[in-house]
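# Close look at the chain arrangement
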Amino acid sequence: MIVVFDVGNSEITIGIFDGEELVSHWRLTTAAPRTADELAILIRSITGDATGASDAVSGSAICSVVPAITPMLVEACEMVFGRKPVLVDARAKLPVKLDVEEPFTVG
């Protein structure tokens, strides 16, 4: 399973995928002043039942257009899942070209 985070200006959408199947999903209000510890507590409490054992999660990924919260979310994922998440942004080597003036603002 992987846990994915889509961080937008208003909401953070969290999804758990088992292979290609979306098993569970939630939405949180994006609140930039949260610490990594606060985010880790939220992530553990939200995903706990859906992921079962802590070793059931093989990784996490974050796509964020809110730079103020991204480092805290990265740290929280490391705390909860024991490894750094994959960051998906305009620098990611994906088969998609963002043909816009400000690619880092595209969600």
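See the structure printed just above.
Residues numbered from 1 in each chain as written. Predicted model: local features only at pLDDT ≥ 70, side-chain atom pairs only at ≥ 80, totals over all residues. Heavy atoms only, no water.

Before going further, it helps to spend a moment on the pattern of salt bridges. Evaluated as defined, the whole model comprises 1 salt bridge. The partner of Arg27 in a salt bridge is Glu11, with the nearest N and O atoms 3.0 Å apart. Placement of the pair is Arg27 in strand S3 (residues 21-29) and Glu11 in strand S2 (residues 11-18), with a sequence separation of 16 residues. Here Arg27 falls in the exposed class, since its relative accessible area comes to 55%. Judged by relative accessible area, which is 36%, Glu11 ranks as partly exposed. (Salt bridge = Lys/Arg side-chain N within 4 Å of Asp/Glu carboxyl O. Helix = DSSP H or I, 4+ residues; strand = E, 2+ residues; numbered from the N terminus. Buried < 20%, exposed > 50% of the residue type's maximum accessible area, 1.4 Å probe, protein only.)

Core analysis: the largest hydrophobic core is formed by 22 residues, its most contacted members being Phe5, Val7, Leu73 and Phe81. Among the secondary structure elements, those contributing two or more residues to this core are strand S1 (2-7), S2, helix H1 (36-51) and helix H2 (70-81). Residue contributions to this core peak at 6 residues, all from H2. Sequence-distant contacts of Val7, that is, excluding residues within four places in its chain, are made with Ile12, Thr30, Ile62, Cys63, Ser64, Val65, Val66, Ile69 and Leu73. (Core = buried A, V, L, I, M, F, W, Y, C linked by side-chain atoms within 4.5 Å. Contact = heavy atoms within 4.5 Å.)

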